[in-house]
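# A closer look at the structure
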Amino acid sequence: MDPIFAQIQSVVDRYDELNQMLADPDVMADSQNYMQLSKEAGQIRETVETYKRYQDVISGIEDAESMLGDPEMDELAKEDLSNLKPEKEELEEKLKILMLPKDENDDKNIIMEIRGAAGGDESSLFAADLLGMYRRYAENQGWSLQIIDETTTEVGGYKEVACMISGDKVFSKLKFESGAHRVQRVPKTETQGRVHTSTATVGVMPEFEEVDAEGLIDPKDVREDVYRASGAGGQHVNKTSSAIRLTHEPTGITVAMQDERSQQQNRAKAWKILNARIYDHFAQENQAEYAEQRKTAVGSGDRSERIRTYNYPQNRVTDHRIGLTLNKLDRIIAGDLGEIIDALVLAEQTAKLAALNEN
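Residues numbered from 1 in each chain as written. Predicted model: local features only at pLDDT ≥ 70, side-chain atom pairs only at ≥ 80, totals over all residues. Heavy atoms only, no water.

## As for the sheet that holds strand 11 (residues 324-326)
Basically, it comes down to this: Here, strands pair whenever DSSP counts at least two bridges between them. Helix and strand assignments follow DSSP, with helices taken as H or I runs no shorter than four residues and strands as E runs no shorter than two, numbered in order from the N terminus. Orientation is described by axes fitted as lines to C-alpha atoms, over the contacting stretch for helices, and by angles from 0 to 180 degrees between their N-to-C directions.
The mixed open sheet is built from eight strands, whose spatial order is 2-3-1-5-4-9-10-11. Each edge of the open sheet is held by one strand with a lone partner, namely strand 2 (144-152) and strand 11. For this sheet the average axis-to-axis angle between neighbouring strands, irrespective of direction, equals 15°. One ladder, built from six bridges, connects strand 1 (residues 110-116) with strand 3 (residues 158-166); its direction is antiparallel. Bridge pairing in strand 3 places Glu113 opposite Ala162.

What follows is the structure, encoded as structure tokens:
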């Protein structure tokens, strides 16, 4: 049997231990501990259930093989084997994937930043289109998307926009979206019908709760400035100092937040973005390790890396990292991202399995 299966029994033992702990009245009385243990059990439940089915199939194969040659049972045994042996192979592959090292951030919510890059007004409009695409995909997944910071352009696009996407395993599905997205189309401002190329960049960063962020940032390294928020055209200007600017002095990363009426709300949002940006900064700085974690099949996550082209005249989307081309741009920009994301997840799993087999 593959060496990876030797690790599974320890997972099964841990799952049984967790269920015993969750039935303990003292654990049930501690809601925070109970939630953490429940989450851990939930993360390994599929592995345990798959392994138990695998054991049942192995047992069934052994029983069927013992009946081969029996005049009364031979035909039935062969039929059982024809069903069980393919299932055994499928379960072995599934278990290998389930036992692959997990990205510790896969279960987290994300902060996504989209910026218009090359292409002027057209790039800002494309940034707005990308935000709409992710918003509709989030709705389809049952997630929530909240704008937390934005700088709009006169043509109705975004110079930059930051949003928080919350739900089940958001980072695991959207972590591959970091990079430069290129659009080829006739801009609304183009009078001669010429196709232009523009780009927008997407950054996907895991959201860190205060508990998670301990050790990530030393509060003494962060300078906080408080100032009065300013509204467009002088409207809705706060008479109190509610706007917050946080500066992480070791890296120079700055976050300014003035969207909310209260200083406390702006501070909370600013800290979430600061935590995410600093994590992203160190991940990018340690590019070799980061690329190894992501596996080169799906790129490094660097925002300057061109990852995808959206060709409107040909209704075509191409993901350059895995060589996937789909002639359904209209559906993808409408939020139907499932086929691309599934292909990227599969590419990462395949690369990890290949690396495991090399070792």
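## Focus on the packing of aromatic side chains
We describe a pair of aromatic rings using the distance from one ring centre to the other and the angle between the two ring planes. Basically, it comes down to this: By convention, a stacked pair of Phe, Tyr or Trp rings (six-membered ring in the case of Trp) has centres within 6.5 Å and planes under 30 degrees apart, an edge-to-face pair has planes over 60 apart, and any other such pair is tilted. In this scheme, a residue with accessible area under 20% of its type's maximum is buried, one over 50% is exposed, and one in between is partly exposed, where area comes from a 1.4 Å probe on protein chains only. Only when the NZ atom of a Lys or the CZ atom of an Arg is both within 6 Å of the ring centre and within 35 degrees of the ring normal do we say a charge sits over the ring.
Applying the stated rule across the entire model yields three aromatic pairs. Between Tyr51 and Tyr54, the ring centres sit 6.4 Å apart and the planes meet at 20°, which makes this aromatic pair stacked. Taken together, the residues span about one helical turn, with Tyr51 and Tyr54 both in helix 3 (residues 31-67) at a distance of three residues. With relative accessibility at 2%, the residue Tyr54 sits in the buried group. Pairing Tyr137 with Trp143 gives two aromatic rings, centres 5.6 Å apart and planes at 85°, and the pair type is edge-to-face. The class for Tyr137 is buried, based on a relative accessible area of 4%. Here Arg185 stacks its cationic end above the ring of Tyr312, 4.9 Å away from the centre of that ring.

## Focus on the pattern of salt bridges
Applicable threshold: A side-chain nitrogen of Lys or Arg and a carboxyl oxygen of Asp or Glu constitute a salt bridge if their distance falls within 4 Å.
Counting across every chain of the model gives 23 salt bridges. Here Arg14 and Glu40 are joined by a salt bridge, their closest N and O atoms 2.7 Å apart. A residue pair is termed long-range when its members are at least 10 positions apart, and Arg14 in helix 1 (residues 8-22) and Glu40 in helix 3 qualify at 26 residues. Assessed through its relative accessible area of 26%, Arg14 is described here as partly exposed.

## Quick look at the nonpolar core
Inclusion rule: Note on terminology: a nonpolar core comprises buried Ala, Val, Leu, Ile, Met, Phe, Trp, Tyr and Cys residues joined through side-chain atoms within 4.5 Å.
Formed by 35 residues in total, the largest nonpolar core has its most connected members in Met112, Ile114, Leu130, Tyr134, Ile165, Leu174 and Tyr310. The set of elements that each furnish at least two residues to this core consists of strand 1, helix 5 (121-141), strand 3, helix 6 (170-174), strand 5 (196-206), helix 10 (329-333) and helix 11 (338-358). The element best represented in this core is helix 5, accounting for eight residues. In terms of nonpolar packing, the next biggest core, distinct from the first, is built from 22 residues, Ile8, Ala41, Ala64 and Met99 among them.

## Here's the deal with empty space enclosed by the protein
In plain terms, the rule: Definitions used for this entry: grid spacing 1 Å over protein atoms alone; cavity, a set of points where a 1.4 Å probe fits but cannot get out; pocket, an open set with protein on both sides within 12 Å along at least 5 of 7 lines; lining residue, one with an atom within 4 Å of a point. Grid points are joined across faces, edges and corners, and a volume is the space filled by probe spheres set on the points. In this classification, Asp, Glu, Lys and Arg are treated as charged, Ala, Val, Leu, Ile, Met, Phe, Trp, Tyr, Cys and Pro as nonpolar, and every other residue, Gly included, as polar.
This structure, assessed with the given rule, holds one cavity of 30 Å³ or more. Reported here for the largest cavity is a volume of approximately 50 Å³. Glu113, Ile114, Arg115, Asp149, Glu160, Val161, Ala162 and Arg277 are the residues that line the largest cavity. Sorting the residues of the lining of the largest cavity by element identifies strand 1 and strand 3 as the ones contributing at least two each. Looking at the lining of the largest cavity residue by residue, the class counts come to three nonpolar, no polar and five charged.

## Section: unusual backbone geometry
Even without glycine at this site, Lys169 takes up a positive phi of about 55°. Within the secondary structure, Lys169 sits in the loop between strand 3 and helix 6. Judged by its relative accessible area of 40%, Lys169 is partly exposed.

## Let's talk about the confidence of the model for the protein chain
Note the following rule: Values of pLDDT, which run from 0 to 100, indicate the predictor's confidence residue by residue. Here a residue-residue contact requires only that any non-hydrogen atoms of the pair lie within 4.5 Å.
Looking at the protein chain as a whole, the pLDDT averages 84, with 85% of positions reaching at least 70. Of the regions scoring below 50 in pLDDT, residues 232-238 engages in seven contacts with residues more than four places distant in sequence or in other chains.

## Let's talk about the environment of Lys102
Among the secondary structure elements, Lys102 is positioned in the loop between helix 4 (74-98) and strand 1. Residue Lys102 is classed as exposed on the basis of its relative accessible area of 56%. Taking the C-alpha atoms as reference, Lys102 lies 9.6 Å from Ser172; in sequence the two are 70 residues apart.

## Concerning the sheet that holds strand 6 (residues 222-227)
Strand order in the open sheet formed by three strands is 6-7-8, with antiparallel pairing between adjacent strands. Only two strands of the sheet have a single neighbouring strand rather than two, namely strand 6 and strand 8 (253-257). Neighbour to neighbour, the strand axes of the sheet diverge by 15° on average, direction disregarded. Two strands pair when backbone bridges link them, and strand 7 (residues 243-248) and strand 8 are joined in this way by five bridges, in the antiparallel orientation. Each residue of the ladder has a partner; that of Arg245, found in strand 8, is Ala256.

## Some remarks on the packing of helix 1 against helix 3
Formally: Orientation labels follow simple angle bins: below 35 degrees gives roughly parallel, above 145 gives roughly antiparallel, 65 to 115 gives roughly perpendicular, and whatever is left gives oblique. Should the near helix be turned counterclockwise from the far one by less than a right angle, the crossing is left-handed, whereas a clockwise turn marks it as right-handed.
Axis separation between helix 1 and helix 3 bottoms out at 9 Å; the angle between their running directions is 140°. Classified by the angle between their axes, helix 1 and helix 3 sit oblique to one another. Relative to helix 3, the crossing made by helix 1 is left-handed. Facing helix 1, whose interface residues are Ile8, Gln9, Val11, Val12, Arg14, Tyr15, Leu18, Met21 and Leu22, helix 3 presents Tyr34, Leu37, Ser38, Glu40, Ala41, Ile44, Arg45, Thr47, Val48 and Tyr51. Residues belonging to the contact of helix 1 with helix 3 are distributed by class as follows: 13 nonpolar, three polar and three charged.

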